[in-house]
Amino acid sequence: MRIRTFEEYQQAYAYSVEDPEGFWGEIAQNFQWRKPWTKTLQWHFDEPNVQWYIGGKLNITENCLDRHLADKGDQPAIIWEPNDPSEPAVTLTYKMLHDQVCRFANVLKRNGVVKGDRVCIYMPMVPELAVAVLACARVGAVHSVVFGGFSAQSIADRINDAQCNVVVTSDGAMRGNKSIPMKDTVDDALIGCPSVKRVIVLTHTRTGVSMIKGRDVWWETEMKQVTADCPAEEMDAEDMLFILYTSGSTGKPKGVVHTCGGYMVYTAYTFLNVFQYEPGYVHFCTADIGWITGHSYIVYGPLANGATSLMFEGIPTWPDAGRFWDIVDKHKVDILYTAPTAIRSLMGFGLDYVKGHDLSSLKVLGSVGEPINAEAWHWYDDNIGKNRCPIVDTWWQTENGGILISPLAGITKTKPTYATLPLPGVQPVLVDENGAVIEGNGVSGNLCIKFPWPSIIRTTYGDHERCRQTYFSTYPGMYFTGDGCLRDEDGYYRITGRVDDVLNVSGHRIGTAEVENAINMHTGVVESAVVGYPHDIKGQGIYAYVITESDPAHEADLMRRDILATVSRIIGPIAKPDKIQFVNGLPKTRSGKIMRRILRKIAEGDTSNLGDTSTLLDPGVVEDIKAGALVDV
Ligand code: PRX
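Residues numbered from 1 in each chain as written. Predicted model: local features only at pLDDT ≥ 70, side-chain atom pairs only at ≥ 80, totals over all residues. Heavy atoms only, no water.

S.K.: Explain the overall build of the protein chain to me, and be specific about the residues and the numbers.
M.R.: Along its length, the protein chain carries 18 helices and 31 strands. Here the C-alpha radius of gyration of the protein chain, 24 Å, is about what a compact globule of 633 residues would show, namely 26 Å. C-alpha extents for the protein chain along the principal axes are approximately 75 × 60 × 55 Å. Classification of the 633 residues of the protein chain by burial places 60% in the buried group. Contacts in the protein chain between residues far apart in sequence, at least 24 positions, make up 71% of those at least 6 positions apart. (Helix = DSSP H or I, 4+ residues; strand = E, 2+ residues; numbered from the N terminus. Rg over C-alpha atoms; globule rule 2.2 N^0.38 Å. Buried < 20%, exposed > 50% of the residue type's maximum accessible area, 1.4 Å probe, protein only. Contact = heavy atoms within 4.5 Å.)

S.K.: Got a sec to walk through the UniProt feature "domain: AMP-binding enzyme C-terminal" (unreviewed entry) in the protein chain? Specific residues and values, please.
M.R.: Listed under "domain: AMP-binding enzyme C-terminal" (unreviewed entry) in the UniProt record, and renumbered for this structure, are residues 514-593. Across residues 514-593, the secondary structure splits into 28% helix and 31% strand, with the terminal C-alpha atoms separated by 17 Å. (UniProt positions renumbered as here; feature names shortened; annotations may be inferred.)

S.K.: Mind laying out the sheet that holds strand S23 (residues 443-449), listing which residues take part and the relevant values?
M.R.: Each strand in a sheet pairs with its neighbour through backbone hydrogen bonds, running either in the same direction (parallel) or in the opposite one (antiparallel). Strand order in the open sheet made by the five strands is S22-S21-S23-S25-S26, with antiparallel pairing throughout. Edge positions in the sheet fall to strand S22 (437-438) and strand S26 (493-498), since each has one partner strand and no second. With two bridges joining them, strand S21 (residues 428-431) and S22 adopt antiparallel strand pairing. Looking at the pairing, Leu430 lines up with Ile438 of S22. (Pairing = 2+ DSSP bridges.)

S.K.: Any details on the nonpolar core? Residues and values, ideally.
M.R.: Within the largest apolar cluster, 124 residues are counted, with the highest numbers of intra-cluster contacts made by Trp33, Leu97, Phe104, Ile121, Trp219, Phe275 and Tyr300. The residues contacting Phe104, other than those within four sequence positions of it, are Val131, Ala132, Ala135, Val168, Ile200, Trp219 and Met223. (Core = buried A, V, L, I, M, F, W, Y, C linked by side-chain atoms within 4.5 Å.)

S.K.: An account of the site of the ligand is needed here, citing residue identities and associated values.
M.R.: Around the ligand, the surrounding shell holds 17 residues, and the nearest of these are Asp393, Thr394, Thr398, Asp483 and Arg509. The side chain of Asn504 places a nitrogen or oxygen atom 3.3 Å from an oxygen atom of the ligand. Here the ligand, which alone exposes 540 Å², has 96% of that area covered by the protein. Listed by contribution, the elements that provide at least two residues to the shell around the ligand are helix H10 (292-304), strand S20 (391-394) and S26. (Near = heavy atom within 4 Å. Polar contact = N/O pair within 3.5 Å; in protein donor to acceptor, adjacent residues only side chain to side chain. Areas by Shrake-Rupley, 256 points an atom, 1.4 Å probe, with all protein chains shown as cover.)

S.K.: Outline the pattern of salt bridges, listing residues and values.
M.R.: A full pass over the atoms with the stated rule returns 36 salt bridges. Two residues, Lys115 and Asp239, come together in a salt bridge whose shortest N-O distance is 3.8 Å. Residue Lys115 is found in the loop between helix H4 (94-110) and strand S6 (118-122), and its partner Asp239 is found in the loop between strand S13 (235-236) and strand S14 (240-246); the two are separated by 124 residues along the sequence. The exposure class of Asp239 is partly exposed, given its relative accessible area of 25%. By sharing partners, the salt bridges in this structure join Lys183, Asp187, Arg215 and Asp216 into a single network. (Salt bridge = Lys/Arg side-chain N within 4 Å of Asp/Glu carboxyl O.)

S.K.: Explain the state of the cysteines residue by residue, including any values.
M.R.: Think of a disulfide as a covalent bridge from one cysteine sulfur atom to another cysteine sulfur atom. Scanning the entire structure with this criterion turns up zero disulfides. Its sulfur unpaired, Cys164 is 5.2 Å from the next cysteine sulfur, which belongs to Cys120. Owing to a relative accessible area of 0%, Cys164 belongs among the buried residues under this scheme. No disulfide involves Cys389; its sulfur sits 17 Å from the nearest other cysteine sulfur, which is in Cys285. On the basis of relative accessibility, which here comes to 4%, the residue Cys389 falls in the buried class. (Disulfide = S-S within 2.5 Å.)

S.K.: Please provide a residue-by-residue account of the side chain of His331, values included.
M.R.: With respect to the element layout, His331 can be found in helix H11 (residues 323-331). For His331, the contacting residues outside a window of four places in its chain are Ile79, Glu81, Ala89, Val282 and Leu310.

S.K.: Report on the confidence of the model for the protein chain, specifying residues and quantitative values.
M.R.: Across the protein chain, the average pLDDT comes to 97, with 100% of residues at or above 70. Both confidence scores are given for the complex: pTM 0.97, ipTM 0.99. (pLDDT = per-residue confidence, 0-100.)

S.K.: Kindly report on the packing of helix H2 (residues 20-28) against helix H9 (residues 260-275), identifying the contributing residues and their values.
M.R.: At a closest axis distance of 10 Å, the pairing of H2 and H9 adopts a crossing angle of 80°. It follows from the interaxial angle that H2 and H9 lie roughly perpendicular. Two secondary-structure elements touch here, H2 through Phe23, Trp24, Ile27 and Ala28 and H9 through Val265, Tyr266 and Tyr269. Of the residues that constitute the contact of H2 with H9, the class distribution is seven nonpolar, no polar and no charged. (Axes fitted to C-alpha atoms, helices over the stretch in contact; angles between N-to-C directions. Parallel < 35°, antiparallel > 145°, perpendicular 65-115°, else oblique. Nonpolar A, V, L, I, M, F, W, Y, C, P; charged D, E, K, R; others polar.)

S.K.: Requested: an account of the pairing of S23, with residues and values cited.
M.R.: Counting buried residues in S23 gives six out of seven residues, a clear majority hidden from the surface. For S23 and strand S25 (residues 479-487), the ladder comprises six bridges, and the chain directions are antiparallel. Among the inter-strand pairings, Asn446 is bridged to a residue of S25, identified as Gly484.

S.K.: Explain unusual backbone geometry residue by residue, including any values.
M.R.: With an omega dihedral of -10°, the bond running from Glu47 to Pro48 counts as a cis peptide bond. With respect to the element layout, Pro48 can be found in the loop between strand S1 (39-44) and strand S2 (49-54). Even without a glycine there, the phi angle at Gln163 is positive, about 50°. Along the chain, the position of Gln163 falls in the loop between helix H6 (152-162) and strand S8 (166-170). Of the residues examined, Gln163 reaches a relative accessible area of 43% and is grouped as partly exposed.

In structure tokens:
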């Protein structure tokens, strides 16, 4: 599986394109299958229908846990660093993690979960979250992890969409000095979720919570009732492993479906090669398991390699902005994988927080989730990696399951702000607005992938047509990423950001339509339009133009706060607009379409050239909006 030189990368890449089935068939031999597959790949992007390792039988937890017991049983699988640095860290060896997962799998079974059921997990970043995820996989249940920053309404939408019958949560969570009521939020969500029959509640913060008789049970009590003997369920390679909801340019978030075989092979392969993991390394991915990065590079990818994965409960700025560096020093972290937004935020606190921490254990730095600007790249390189750690700028998406374009650490020559080259098996193409493929180098266009890799999205849960429409219809025969991209003279790829109405705020994907819908639910709001604007730390900020029934005038501030509260309630605090401008009208074409291009320019503070406004129904509104724009000075 392992690539060690650039020549080996080139050979692997060429092989993967010439003979994808041969290539991925060989890679998959490195895993434990109950029954071998009969055909490696069958695919059709039109429907879409992609199947890898057809007929193969496996259980991903046997690959992530059981097969390491003999020679790595006493090695740490998960190191957990709590929110409060004065509390002890916890290490779970492979044996311990296996034991916990088997026990919790039995708890799930005891509570009625059978293969194919959907289980919603809404938990803080504690080891039990990883245990719950793996326990679902062990019994063949489909996990749907919902990030802790989402509201009750968002949880309810996700539970109802997937018809989950069980929810796993905790009493509360601590993030920095904030206490977050998780069970309360679940209780609110469940008012509208008749499919849920059981809630399993972990004691974590010891905050008082309601426990409804017949529905709610304690994690700890349940764990006492079971043994650690739980044979893994045999799964088909194409059985569903999990659903993860993500935002698009229209409608509600969709449930991206990943399956067992291809996802396992691809996350394990990319983890090993991108980060050049060596036995004994401590891998610290700072993402939350509520996002795809956590699924693939905290849980499945590392564990499938028998690696040590560090999980951190807290936030980078508490108790102070040196927390990441403190963790690196304390646990002798070898690989640090974080997001540009975190780097930019820590940059702002200055170098005093970096000094005094021994960062010499670091070997590889990673970046994910959004474009990394040159300044942040260099700060990371100079001050954290001390110019001796390769930076892997990894580009990929929830729908991809694993990293698609990235340097291989220490092997691919890096270039600041470039994700560089596609990994073996990944065939990117740039296309123009009309769908024509743009050949050659020194070009830019919309990024598509023309051939399936093992962990490509299989469907959007309960709505296959939506999957086809969203990803496979814009450019027939290709998977469309929604990202703009340039390919420079060296053939290196640089992702320039979304070309659709999806925002990337602090690495969190948020649909403008979703935010607009939430704002429009606020009483007194007639209409709204949401766009992104460049934000120093978050990458993008959310700018909302709002039309209200009556002039908010002297109550504008209160109205703003109320709108924020509404968005928090409907989606979650992560979707709160940074700026709200009250307007009397929105720039619309005669057919009623909002001209977002103009709104984006105004939000960016670039009003000198708004382009052609002659097609507007009422060009006058633009002047009004410009006059009231909330531009930073
Ligand atoms: O716009 C790209 C951006 O994040 C989007 C995917 O978001 P999500 O599904 O939440 O997954 C994030 C973590 C894998 C992409 O469409 N993105 C992700 N990584 C990068 C990036 N943009 C630039 N450079 C990256 N390395």
